[in-house]
Amino acid sequence: MMSASVDGRRPDPVQKLIIMSDDSVITKQIQDTHTPDGREIDCDSVLQIIEEFLYRAVPLGIQAAMQENSIPAGFTEGVLEALSYVVNRISSEMAYKCLTSGDAHQTVISLLQLLSGYHWDAKLVLLLAAFVLMYSEFWILIKFHESSKLASKIAILKQVPEVEKLKKQLDGLNNLIMLMLDLAKYIVEFKKLPAPIVDLPELSRAVDTIPTAIYWTARGIVFSAMYTTQLTAANYEDPALNLGTLEKELSTLADKIRSSNENLQKQLTYCYQIIEEKKQKSAYEDLVRLVETPHIDNMKVLRALISGDNDEPPLIEGSTKRTPNLDILRKKYVLFLISGLFDASTSTDLYVLGQIYMEAKTYSGIRNEFELVWIPIVDSVQIQTEVTKRQLAICQEYVPWYSVRQPSFISEPVKRFIKEKFHYRNRQILVVMDPQGKVSSLNALHMMWIWGTVGFPFTEIKEQVLWQEETWRLELLVNGIDVNLLQWIRSGRYIILYGGSDLQEISEFTVTARRIGHQLGIPLEMVYVGTTVKSLQELRPLISDIKNQRLSNCWEEVMMWFFWTRVGSMLLSKIQVEAKDEQDAVMQELEKLLMYDRMGTWALFSKGSDVMLTGRGPVLLHLLQKFDEWKENVERRDFLIELKDQYNRLPAADDHPCCDLEFDHTAGKTPESMICPECHRSMEQLAVFTCCHEH
C-alpha cells in the first residue's frame, strides 16, 4: 500500500509530480548517481526479451502494437543468465519499495544508485526488464488462475483482481508501458550513433535531455509497478484505493514520456538524415574518383553505376527478357540512354533510335563492339508504386536493347553523378563509355541522329572528322529519311522542301511553283516537311489538307520529326566542334533554316544535290508571282541561279520580322555570337526561361 500522510490523508501524487517537474533539479540529482565503470550489456537483446515477455504474457492490447515477426524465436539464455542477478535485485527492490514507500522520486534515485556503474541506455533497459518481470507474473496469474490449481492458489494469496472490471485502468497502463518501451528503443538507438553525429552542436540539446527522459521513464516504471502492486494487494473496490488519482498520475506520466519520445524520434530522424547524407556524399565522391581513374576494363565502373549492392542480375533485354550479368558489357563500348519513364505510344525518338540500333546490330560491322543500356531515372518516392512498375515494364518491353531492371538499382549517389557529371536535366541523353570505362561522349544523340552508327565510337575527334567530310548538300539534310527523295537527287531533279503552318501561303506557293515548273518543262518535286513551331498533333489538319488538295508530297510524322531533330542536332554538333558561323557555310545555312522556320513559311530549293537557295515563304512567293518579269533571264541561265540572284537583290522590307534562334544551355556549349542571315549584323543575345510542366 502507498503510505498515508500524518493527518491520515493520502498524498496527491499528481501534485507531487508537479512539484518535482523542475528538470534542472532532477537532472542534477540523477547525474550524481551516474558513475559508469565501463560495464556493458547487450541492450538490443534485452529489449527483444522484454518484447517477448510482453507478447507472450500480456493481453491483445499490447500484442496488437507489436510486430510478431520482430519477436525472436526464443530467449537468449546467455543474456538472461548474465543479467539475472541484477534484474532480480532491481525487481525485488522495486517490489519492496512499492509496498513500503510512497515516495516515487526517492525510489527512482535508489534504483539508479543500484545501477550507477551502467551507461544511461543500460540503466533504462534493466529497469524496464525488472518491471516487465513483475508485470508478466501479474498477467500470467490472471491468464492461468482458472486452468491451474497452483496459479489459482497464488492468485488468491496475491488478491489478483478480475481483469474485466479494471479494463480501462489496465489499458491505460499498457499504453504507458508501450511509451516507455519506445523511449528505451530510441535511447538505445542514440547510443549506437557514431560519435561525430552525436557531437554535432544542433544535437547537443537532445543528448542533454536523455538523463531527464530516463528519469521520467523510471518514474513511469516505478508508478506502473506500484499500480500493479496496488491492484493485487488490495480490494480494488476499497474507497481507500483512489483509482481516479492514480489515473491522473498515469496520464501525467504518459504525457511526459510521450513528449520525450516525440523529441527523441525527431532528433533520431535528423541524425539518420545526416548519416545518409554523409554516406551518399562519400559514395558520390568515391564514384567520381573511380570514373576518373584509368582502368584495364570497364567492369568496376559499370558495377558502381548500375548494379550497386544488388546481387540480382541488373539488366533485362527488351526483346528476349533475358537477364544477363554485367559481364556481357565487358570491354565493349556502352551507350547509356538516360531518361525518365516514357510513353511508348508517342516516343518517336525511341522508335527512330530503335531502327538505327536494329540496323547496326543486324548489318553493321560494329555489332559486337557496343551495347546500348537504358538507365531509367525515377524519383525515389515513386519507385515502388504500382503505376511506376507497370509503366517500367511497358518501357522495357518496347526498347530492343538492355535496360536496368529496376530503378532502385540506380542509387542516389549515382543519380547525383548523372546529373552533375553527365549534365542530365530530365531530357534523354546518350552517354558513351569506352571499353576501359572512360566517358568518351556526354551526349552522342546528336551524332546518332546525324550519322547513325557511322559516328561510332562517337568521340569528339570522330565528330570533327565527319564534319570535315561534309558540305552543304541536300543529302546531308535528308539522308536516312526519304528513299524516294534520294532517288530524285541522284536523277538531278529540281526539289523544293518547304515548311510552315499557314495553309493559304502554302497553297499559293505550291500552285505557283508547279505552274512555273510546267512552264519551264523542268522535273520539279515538292515535299512538305512540317515545322518546329507547332506539334505534330497540331499539324495533322494541315497535313490532311495538303494531301487532300494534292498540293505536294507530304512526309509522314516520324519523317518530319527526324528531319527537324537532325537539323537541330547538326547545329548543336557544329557548335560543339567550335566552328564559327561567320566562316562555316553549313552552320550558316542551318541557322538560316531554323530561323526562317520560326518566322513562318519557308522553302529550300535544290537541283539534285546542290542546295541553291533557302528563303522566307512570303518573299519567295512574291518573286515567283513576278516570274514573267524575269523569265527571259532563265533562257540564258539555270532557273535556280536566277531565282537566287533575284532573291539576293531584293531590298530589305520595313516590316521584316525579327530573326531569333533558341539554344538549350544544358545541351552543351552555345555560340558566343551569331550573325543574322538576313541583314548580316551581329544578333543580340537574350535569356529565355521556359517551363514544359515536366513534359
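An unreviewed UniProt entry lists the protein chain under the name Protein SIEVE ELEMENT OCCLUSION B, with Sesamum latifolium given as the organism.

Caption draft 1: Region of interest: helix H26 (residues 617–625). What H26 keeps buried is the set Gly617, Leu620, Leu621, Leu623 and Leu624. When H26 is viewed along its axis, its buried side chains cluster within an angular range of 160° and face the same direction.

Caption draft 2: Structural detail: the side chain of Ser573. Along the chain, the position of Ser573 falls in helix H24 (residues 557–576). Residues contacting Ser573, with those up to four places away along its chain left out, are His446, Ile450, Trp451, Glu463 and Trp467.

Caption draft 3: Region of interest: unusual backbone geometry. In this structure, Pro457 follows Phe456 across a cis peptide bond, with omega equal to 5°. Mapped onto the secondary structure, Pro457 falls in the loop between helix H18 (445–451) and helix H19 (460–468). The backbone phi angle of Lys321 is positive, close to 65°, even though this residue is not glycine. Mapped onto the fold, Lys321 is located in the loop between strand E1 (315–317) and strand E2 (333–339). Backbone geometry places Arg550, a non-glycine residue, at a positive phi of 50°. Inspection of the secondary structure assignment puts Arg550 in the loop between helix H23 (536–548) and strand E9 (553–554).

Caption draft 4: Molecular detail of the sheet that holds E1. The mixed open sheet is built from 6 strands, whose spatial order is E1-E4-E3-E2-E5-E6. Each end of this open sheet is capped by a strand with a single partner; those strands are E1 and strand E6 (439–441). Here the strands of the sheet are splayed against their neighbours by 30° on average, with no regard to which way each runs. Summarising the sheet, strand E5 (residues 429–433) and E6 pair through 2 bridges and their orientation is antiparallel. Its bridge partner being in E6, Val432 is matched across the sheet by Ser441.

Caption draft 5: Fine view of the packing of aromatic side chains. The tally for this structure, following the rule as stated, stands at 25 aromatic pairs. An aromatic cluster is present here, built from Tyr333, Tyr357, Phe370, Trp401, Phe456 and Phe458 joined pairwise through their rings. Lying over the aromatic face of Tyr118, Arg39 brings its terminal NZ or CZ to 4.7 Å of the ring centre. The cationic tip of Lys123 hangs over the ring face of Trp120; the distance from NZ or CZ to the ring centre is 5.3 Å.

Caption draft 6: Layout of the sheet that holds strand E7 (residues 494–499). With respect to topology, 5 strands assemble into an open sheet ordered E9-E8-E7-E10-E11, the strand pairing being mixed. Sheet topology places E9 and strand E11 (610–616) at the edges, where each strand pairs with a single neighbour. Here E7 runs beside strand E8 (residues 524–528); their pairing, made up of 5 bridges, is parallel. Residue pairing for E8: Tyr494 is matched across the bridge by Leu524. Against the sheet, helix H21 (residues 483–490) engages E7, E8 and E9, with an angle of about 140° to E7.

Caption draft 7: Molecular detail of the packing of H24 against helix H25 (residues 585–599). Here H24 crosses H25 at 135°, and the two axes come no closer than 10 Å. Accordingly, the angle class assigned to the pair H24 and H25 is oblique. Seen along the crossing, H24 lies across H25 with a hand that is left-handed. Contacts between H24 and H25 involve Phe563, Trp564, Val567, Met570, Leu571, Lys574 and Ile575 from the first element and Val586, Met587, Leu590, Glu591, Leu593, Leu594 and Asp597 from the second. Grouping the constituent residues of the contact of H24 with H25 by class yields 11 nonpolar, no polar and 3 charged.

Caption draft 8: Highlighting the pairing of E2. Buried residues dominate E2, accounting for 7 of its 7 residues. Of the two faces of E2, the one carrying Tyr333, Leu335, Leu337 and Ser339 and the one carrying Val334, Phe336 and Ile338 are both buried. Where E2 and strand E3 (residues 370–376) come together, 7 bridges link them in parallel fashion. In the sheet register, Ser339 faces E3, and the bridge partner there is Pro376. Running through helix H15 (residues 348–363), the crossover from E2 to the neighbouring parallel element E3 is right-handed. Relative to E5, E2 runs antiparallel, the two being bridged by 5 bridges. Note on E5: the bridge partner recorded for Ile338 is Ile429.

Caption draft 9: Structural detail: the pattern of salt bridges. The tally for this structure, following the rule as stated, stands at 32 salt bridges. Linking Lys28 and Asp32 is a salt bridge whose minimum nitrogen-to-oxygen distance equals 3.0 Å. Of this pair, Lys28 and Asp32 both sit in helix H2 (residues 23–32), 4 residues apart, which is roughly one turn of that helix. An identical accessibility class is assigned to Lys28 and Asp32; each is exposed. In this structure, the salt-bridge partner of Lys415 is Glu412, at a minimum N-O distance of 3.2 Å. Taken as a pair, Lys415 and Glu412 lie in helix H17 (residues 412–421) at a separation of 3 residues, close to a single helical turn. We classify Lys415 as buried; its relative accessible area is 6%. On the basis of relative accessible area, Glu412 is assigned to the partly exposed category, the value being 32%.

Caption draft 10: How the structure looks around the packing of helix H27 (residues 627–634) against helix H28 (residues 639–648). The N-to-C vectors of H27 and H28 enclose an angle of 130°; their axes lie 9 Å apart at closest approach. When the interaxial angle is binned, H27 and H28 end up oblique. Along this stretch, H27 crosses H28, giving a crossing that reads as right-handed. Residues Phe627, Trp630, Asn633 and Val634 of H27 form the contact with H28, whose own contacting residues are Phe639, Glu642, Leu643 and Gln646. By residue class, the composition of the contact of H27 with H28 is 5 nonpolar, 2 polar and 1 charged.

About the criteria used
- Residues numbered from 1 in each chain as written.
- Predicted model: local features only at pLDDT ≥ 70, side-chain atom pairs only at ≥ 80, totals over all residues.
- Heavy atoms only, no water.
- Buried < 20%, exposed > 50% of the residue type's maximum accessible area, 1.4 Å probe, protein only.
- Helix = DSSP H or I, 4+ residues; strand = E, 2+ residues; numbered from the N terminus.
- Arc of directions from axis to C-beta.
- Contact = heavy atoms within 4.5 Å.
- Pairing = 2+ DSSP bridges.
- Axes fitted to C-alpha atoms, helices over the stretch in contact; angles between N-to-C directions.
- Phe/Tyr/Trp six-rings, centres within 6.5 Å; stacked < 30°, edge-to-face > 60°.
- Lys NZ or Arg CZ within 6 Å of the ring centre and 35° of its normal.
- Parallel < 35°, antiparallel > 145°, perpendicular 65-115°, else oblique.
- Left-handed = near helix turned anticlockwise from the far one by under 90°.
- Nonpolar A, V, L, I, M, F, W, Y, C, P; charged D, E, K, R; others polar.
- Right-handed = clockwise from strand over helix to strand, strands pointing away.
- Salt bridge = Lys/Arg side-chain N within 4 Å of Asp/Glu carboxyl O.

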